[in-house]
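Here are the chains, one letter per residue:
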Amino acid sequence: MRTSIASAGSMDPRSIEFPFRLHVPRTEGALADLIRALGFSCIRCGECCRAKSGDEHLVLVSPDEVREIAVAGGGSWESVAEPFPCFTPHGSAGSHTFEWCLRREGDRCRFLRERGGFPACSVYLSRPWICRTYPFVLEGEDLLVYPCPGLSRAEATMEAEAMAADLLARQCFEREEEERVRKVFEGSPLPQGRVVIDGDGMKVLHG
Ligand code: SF4
């Protein structure tokens, strides 16, 4: 669904169809203005850290992000991340996927805790780009907006500039990671077994 900036700023989040997209000039200032017009201010509700159905809110992470979370106290690679659950068959006995996602426990991110009765991320300073920039994604010339109780808030937000800068940085980072993955994918034959292809290489899963 595509909407206008004027209508987006005064929308009722309960009646809108998500995700919606807005065309946006690709400058940090214009992005920040748009985020401010959308009335975004994170209220730390933790809704984006929980799934409402099976593959919802999977948090995709790059190898660098997995390592950063592991160093920040997340534990081993396996305890931080699991393969993206959509595998494509190849050869006679192989299948591959291109992504890792943060592990969940039940319907929630395994790093979601409670502090003083409120949701809190236990690896907040090392959280991945998807978490830093929720509920927004830059896609081509559009800003995609996902459901979030932090939208349409009346109070002025101080987060708009930081969010705009993070969105642009995320886009650069993801383009670079995509290029690394493309080179790995095209650079050598796919091995048998279940394989995760990421910017580091091809990892055959055991077990
Ligand atoms: S980004 Fe939105 S859904 Fe996530 S914690 Fe903040 S207000 Fe809640």
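Structure: see above.
In this text, all values refer to a predicted model and were calculated from it rather than measured experimentally.

Cut-off values and rules
- Residues numbered from 1 in each chain as written.
- Predicted model: local features only at pLDDT ≥ 70, side-chain atom pairs only at ≥ 80, totals over all residues.
- Heavy atoms only, no water.
- 1 Å grid on protein atoms, 1.4 Å probe; cavity = no way out; pocket = protein on both sides within 12 Å on 5 of 7 lines; lining within 4 Å.
- Points joined across faces, edges and corners; volume = space filled by probe spheres on them.
- Helix = DSSP H or I, 4+ residues; strand = E, 2+ residues; numbered from the N terminus.
- Nonpolar A, V, L, I, M, F, W, Y, C, P; charged D, E, K, R; others polar.
- Pairing = 2+ DSSP bridges.
- Phe/Tyr/Trp six-rings, centres within 6.5 Å; stacked < 30°, edge-to-face > 60°.
- Buried < 20%, exposed > 50% of the residue type's maximum accessible area, 1.4 Å probe, protein only.
- Lys NZ or Arg CZ within 6 Å of the ring centre and 35° of its normal.
- Near = heavy atom within 4 Å.
- Sits in = over half its atoms within 2 Å of the grid points.

Considering the layout of surface pockets
Here is step 1: Roughly 980 Å³ of volume is contained in the largest pocket.
Here is step 2: Of all the secondary structure elements, the ones that give two or more residues to the lining of the largest pocket are strand S2 (60–61), helix H3 (63–74), helix H5 (129–133), strand S11 (136–139) and helix H6 (160–187).
Here is step 3: In terms of residues, the lining of the largest pocket owes the most to one element, H6, which gives 9 residues.
Here is step 4: In terms of residue class, the lining of the largest pocket is made up of 23 nonpolar, 5 polar and 11 charged.

Observations concerning the sheet that holds strand S6 (residues 100–102)
For sheets, the rule is that strands pair by backbone hydrogen bonds, running either parallel or antiparallel.
Here is step 1: Strand order in the open sheet formed by 3 strands is S2-S6-S3, with antiparallel pairing between adjacent strands. Taken across any chain shown, the strands that pair with only one partner, and hence form the sheet edges, are S2 and strand S3 (81–83).
Here is step 2: Across 2 bridges, S2 lies against S6 in antiparallel orientation. Across the sheet, residue valine 61 finds its bridge partner in S6, namely tryptophan 100.

Things to note about empty space enclosed by the protein
Here is step 1: What the rule picks out here adds up to 1 cavity of 30 Å³ or more.
Here is step 2: If you trace the largest cavity, you find it lined by Cys48, Cys49, Arg50, Ala51, His57, Leu58, Val59, Leu102, Arg104, Asp107, Arg108 and Cys109.
Here is step 3: For the lining of the largest cavity, the per-class residue count stands at 7 nonpolar, 1 polar and 4 charged.

Quick notes on the packing of aromatic side chains
Centre-to-centre distance and the angle between the planes together describe a pair of aromatic rings.
Here is step 1: If you walk through the whole model with that rule in mind, you get 5 aromatic pairs.
Here is step 2: Taking 5.3 Å as the distance between ring centres and 80° as the angle between the ring planes, the aromatic pair formed by phenylalanine 40 and phenylalanine 136 counts as edge-to-face. Remark: phenylalanine 136 occurs in strand S11 and phenylalanine 40 occurs in the loop between helix H2 (28–37) and S2; sequence separation between them is 96 residues.
Here is step 3: What makes phenylalanine 136 buried here is its relative accessible area of 1%.
Here is step 4: On the numbers, 5.3 Å between centres and 75° between planes, the contact of tryptophan 77 with tryptophan 100 is edge-to-face. Residue tryptophan 77 is found in helix H4 (residues 77–80), and its partner tryptophan 100 is found in strand S6; the two are separated by 23 residues along the sequence.
Here is step 5: One cation-aromatic arrangement involves arginine 127 over tyrosine 124; the distance from NZ or CZ to the ring centre is 3.8 Å.
Here is step 6: We note arginine 194 situated over the ring of phenylalanine 87; from NZ or CZ to the ring centre the distance is 4.2 Å.

Regarding the site of the ligand
Here is step 1: For the ligand, the full set of nearby residues is Cys42, Ile43, Arg44, Cys45, Gly46, Glu47, Cys48, Tyr134, Cys148, Pro149 and Gly150.
Here is step 2: Given that more than half its atoms are within 2 Å of the pocket grid, the ligand belongs to the second largest pocket.
Here is step 3: For the shell around the ligand, the class distribution of residues is 7 nonpolar, 2 polar and 2 charged.

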